[in-house]
Amino acid sequence: ERPLLELSSVEHERLAREYPELAEVLPLAPLQQGLLFHALYDEHAPDAYLTQMLFNLEGPLDAIALKHAAHALLQRHANLRAGFVHQGFEQALQIIPQQLTLAWQELEISDPEQRQRFLEADYQQRMDLARPPLLRFALLREAPERHTFVMTFHHILLDGWSMPVLLQELFALYAARGHERALPPLTPYREYLAWLQRQDLALTQAAWQRALAGVLEPTRIAPLPAHGLAALPQRMILELPPALSDALARQAQQHRLTLNTLIQAGWGVLLAQLTGQLDVLFGIVVAGRPAELPGIERMVGLLINTVPLRLQLQPGEPLLHMLARLQHQQAELLAHQHLSLPQIKQLTELDELFDTLIVFENYPLDAQSLSTLADDLQIRM
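First things first, this report covers the structure right here in the doc. Just so it is clear, the model here is predicted, and its values are computed rather than measured.

Reading the values: the criteria
- For every chain, the first residue of the written sequence is number 1, and numbering continues from 1 along that sequence.
- Confidence filtering applies because this is a predicted model: local features only for residues at pLDDT of at least 70, side-chain atom pairs given and counted only at 80 or more, and all residues used for totals across whole chains, interfaces and linings.
- Heavy atoms throughout the structure, all of them, feed into the side-chain values; hydrogens and water do not.
- Surface patches are drawn from residues lacking salt bridges whose relative accessible area is over 30%; two like charges belong together within 9 Å, two nonpolar side chains (Val, Leu, Ile, Met, Phe, Trp, Tyr) within 5 Å.
- The Shrake-Rupley method, run with a 1.4 Å probe, gives the accessible areas here. Residue values count only the displayed protein chains as cover.
- The salt bridge criterion pairs a side-chain nitrogen of Lys or Arg with a carboxyl oxygen of Asp or Glu, the two atoms within 4 Å.
- Secondary structure elements follow DSSP: runs of H or I no shorter than four residues count as helices, runs of E no shorter than two count as strands, and numbering proceeds from the N terminus.
- Accessible area is worked out with a 1.4 Å probe on protein chains only. A residue is then buried under 20% of its type maximum, exposed over 50%, and partly exposed in between.
- One requirement defines pairing of two strands: DSSP has to find at least two bridges between them.
- Contacts are assigned to residue pairs with any non-hydrogen atoms lying within 4.5 Å of each other.
- Axis definition: a line fitted to C-alpha atoms, over the contacting stretch in the case of helices. Angles run 0 to 180 degrees between N-to-C directions.
- Here the nonpolar core consists of buried residues drawn from Ala, Val, Leu, Ile, Met, Phe, Trp, Tyr and Cys, with membership extended through side-chain atoms lying within 4.5 Å.
- Cavities and pockets are defined on a 1 Å grid built over the protein atoms alone: a cavity is a set of grid points where a 1.4 Å probe fits but cannot escape, while a pocket is an open set with protein on both sides within 12 Å along at least five of seven lines, and lining residues are those with an atom within 4 Å of any such point.
- Grid points are joined across faces, edges and corners, and a volume is the space filled by probe spheres set on the points.
- Residue polarity follows a fixed list, in which Ala, Val, Leu, Ile, Met, Phe, Trp, Tyr, Cys and Pro are nonpolar, Asp, Glu, Lys and Arg are charged, and the others, Gly among them, are polar.
- Any angle that is under 35 degrees is reported as roughly parallel, and any over 145 degrees as roughly antiparallel; angles of 65 to 115 degrees are reported as roughly perpendicular and all others as oblique.
- Crossing handedness follows the turn of the near helix against the far one: under a right angle anticlockwise gives a left-handed crossing, and clockwise gives a right-handed one.
- Stacked, edge-to-face and tilted labels apply to pairs of Phe, Tyr and Trp rings (six-membered ring for Trp) whose centres lie within 6.5 Å, assigned for plane angles under 30 degrees, over 60, and everything in between, in that order.

**What about a nonpolar patch on the surface?**
Consideration 1: A contiguous nonpolar surface patch, about 250 Å² in accessible area, is contributed by Ile221, Leu270 and Leu274.
Consideration 2: Mapped onto the elements, Leu270 comes out in helix α9 (residues 259–275).
Consideration 3: The exposure class assigned to Leu270 is partly exposed, which follows from its relative accessible area of 33%.

**A short note on the sheet that holds strand β8 (residues 279–286)**
Two strands in a sheet stick together by hydrogen bonds in their backbones, pointing the same way (parallel) or opposite ways (antiparallel).
Consideration 1: Here we have three strands laid out as an open sheet, ordered β9-β8-β10, and mixed in their pairing. Of all strands in the sheet, those bounded by a partner on one side alone are β9 (305–312) and β10 (357–358).
Consideration 2: Judged from the eight bridges that link them, β8 and β9 form a sheet pairing that is antiparallel. Residue pairing in the sheet places Asp279 in a bridge with Gln312 of β9.
Consideration 3: The sheet contacts of helix α10 (residues 319–332) involve β8 and β9, and relative to β9 the element is tilted by about 145°.

**Points about the pairing of strand β4 (residues 93–97)**
Put simply, side chains in a regular strand alternate between the two faces of the sheet.
Consideration 1: Most of β4 sits inside the fold, with five of its five residues counted as buried.
Consideration 2: Sheet topology note: the strand β1 (residues 22–26)/β4 ladder contains four bridges and is antiparallel. Paired with Leu26 across the two strands is Gln94, which belongs to β4.
Consideration 3: Bridge analysis of strand β3 (residues 83–85) against β4 gives three bridges, and the strand direction is antiparallel.

**So, the nonpolar core**
Consideration 1: Counting 65 residues, the largest nonpolar core has Leu57, Leu66, Phe84, Phe137, Phe149, Met151 and Tyr192 as the members making the most contacts within it.
Consideration 2: When residues of this core are traced back to their parent elements, those giving at least two are α2 (30–41), β2 (50–58), α3 (63–76), β6 (135–143), β7 (146–154), α5 (162–175) and α6 (189–197).
Consideration 3: Considering each element in turn, this core owes the most residues, nine residues, to α5.
Consideration 4: Sequence-distant contacts of Met151, that is, excluding residues within four places in its chain, are made with Thr51, Gln52, Met53, Phe55, Leu135, Arg136, Phe137, Met163, Leu166 and Leu167.
Consideration 5: Membership of the second largest hydrophobic core comes to 29 residues, among which are Val215, Ala272, Phe354 and Ile358.

**Quick look at the pattern of salt bridges**
Consideration 1: In this structure the tally under the stated criterion is 15 salt bridges.
Consideration 2: Put simply, Glu169 and Arg76 hold a salt bridge, and the shortest N to O gap is 3.0 Å. Within this pair, whereas Glu169 is found in helix α5, its partner Arg76 is found in helix α3, the two being separated by 93 residues in sequence.
Consideration 3: Here Arg76 falls in the buried class, since its relative accessible area comes to 9%.

**Some remarks on the layout of surface pockets**
Consideration 1: Of the pockets and cavities examined, the second largest pocket occupies roughly 390 Å³.
Consideration 2: Looking at the second largest pocket, it is lined by 18 residues, and the ones nearest its centre are Leu28, Pro30, Gln33, Leu196 and Gln343.
Consideration 3: Those elements that provide at least two residues to the lining of the second largest pocket are α2 and α6.
Consideration 4: By residue number, the principal contributor to the lining of the second largest pocket is α6, which donates three residues.
Consideration 5: Here the residues of the lining of the second largest pocket sort into ten nonpolar, seven polar and one charged.

**Regarding the sheet that holds β4**
Consideration 1: Within the open sheet, the three strands sit side by side as β1-β4-β3. Their pairing is antiparallel. Each of the sheet's edge strands pairs with one partner strand only, and the pair in question is β1 and β3. When the angles between neighbouring strand axes are averaged without regard to direction, this sheet yields 30°.

**Some words on unusual backbone geometry**
Consideration 1: A cis geometry characterises the amide bond from Pro132 onward to Pro133, with omega recorded as 10°.
Consideration 2: Here Pro133 shows up in the loop between α4 (112–124) and β6.
Consideration 3: Despite not being glycine, Arg256 has its phi angle at roughly 55°, a positive value.
Consideration 4: Mapping Arg256 onto the fold places it in the loop between α8 (242–254) and α9.
Consideration 5: On the accessibility criterion, Arg256 (73% relative accessible area) is exposed.

**Digging into the packing of α3 against α5**
Consideration 1: Between α3 and α5, the shortest axis-to-axis distance is 8 Å and the interhelical angle comes to 130°. Looking at the two axes, α3 sits oblique to α5. Viewed along their axes, α3 and α5 form a crossing whose handedness is right-handed. Across the interface between the two elements, Ala65, Leu66, Ala69, Ala70, Ala72, Leu73 and Arg76 from α3 touch Leu166, Glu169, Leu170, Phe171, Leu173 and Tyr174 from α5.
Consideration 2: Its residues assigned to classes, the contact of α3 with α5 comprises eleven nonpolar, no polar and two charged.

**Remarks on the side chain of Asn79**
Consideration 1: Position of Asn79 relative to the elements: it lies in the loop between α3 and β3.
Consideration 2: Non-local contacts of Asn79, meaning those with residues more than four positions away in its chain, are made with Ile96, Leu157, Tyr189, Val300 and Gly301.

**Notes on the packing of aromatic side chains**
Consideration 1: Under the defined criterion, the tally for this structure stands at six aromatic pairs.
Consideration 2: A centroid spacing of 6.5 Å and a plane angle of 40° characterise the contact between Phe55 and Phe149, whose relative ring orientation is tilted. Of this pair, Phe55 sits in strand β2 while Phe149 sits in strand β7, and the two are 94 residues apart along the sequence. Accessibility classification places Phe55 together with Phe149 in one group, the buried group.
Consideration 3: According to the relative accessible area criterion, Phe149 is buried, its value standing at 0%.
Consideration 4: Three or more aromatic residues joined by ring pairs make a cluster, and in this case those are Phe55, Trp104, Phe137 and Phe149.

So, in structure tokens, the structure goes:
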């Protein structure tokens, strides 16, 4: 396979010296560059990009088989073994070792308080991105046939769409006792990085220049944070009534709009009311999975990207016209959503663009379907 980046002889020598059993060196995807920056910006603050997922396992569990399945995942997907280095190199690199010791713990948990203490300590334990693995597992045994399976990883490795794929593969490997022949062939993450390099940078920059032409100011709704301020995210859940959800879906379908467009427009209108601006910007997270790349729907890795969405409100414009215009504008940018946010920002005269972000998630993660892969084991999230 052709290398995806050119390294100097000095860099080659250093890699050979410091990582003698190296499988491959890869460039970073656009959002990986941003996440690496945030991780390095304050290495003593809590890491908001650490993700912890919990699965309640009920029934007879073969802990050894589950450990073998987790190890097989890291062997199957080379990018799950990645570490990220930057000092002394012209650009940040993903280093992929040939082999990696699985980060695995098994603990006997006697009461809910002990369980909670472990989960909090695990979530607060930062990862050094230069020292893989950036994916760790813990199996908490609470009773002979009741366990909590904990998977903690840095977001720089994985996006939300990858998680159902990863979990389906994990429990398929568990049922097959770690034998990869139970899984279909994969398209490796490096193919997405190669696709990125084939894109026409000038064409993409021109598209974003047109989209952001005439933007005069950022859209902010919060005061600037104090220097070095960092906090772990907090979650507030608001569920729409079923009748309202169904009505929104019907309206979107009737007018050939996506539900995502309705949500984006609603947030844009609210921003305009909060700021008094008719020309507003906010961030959106895009899937970043090009349809022309075979196997992209089953690829595991970080493919999402954060890009700006611009909504220019026109007094007197009918709502449906505004929605159709917004959706058309976003469709025109689909082929250019891979450009990194810093590169996009450089095309404007602004130091910042927005301080809010909309993430519309729509991917299948069905614990019941996982249970069908795992014999008599019941899996609940």
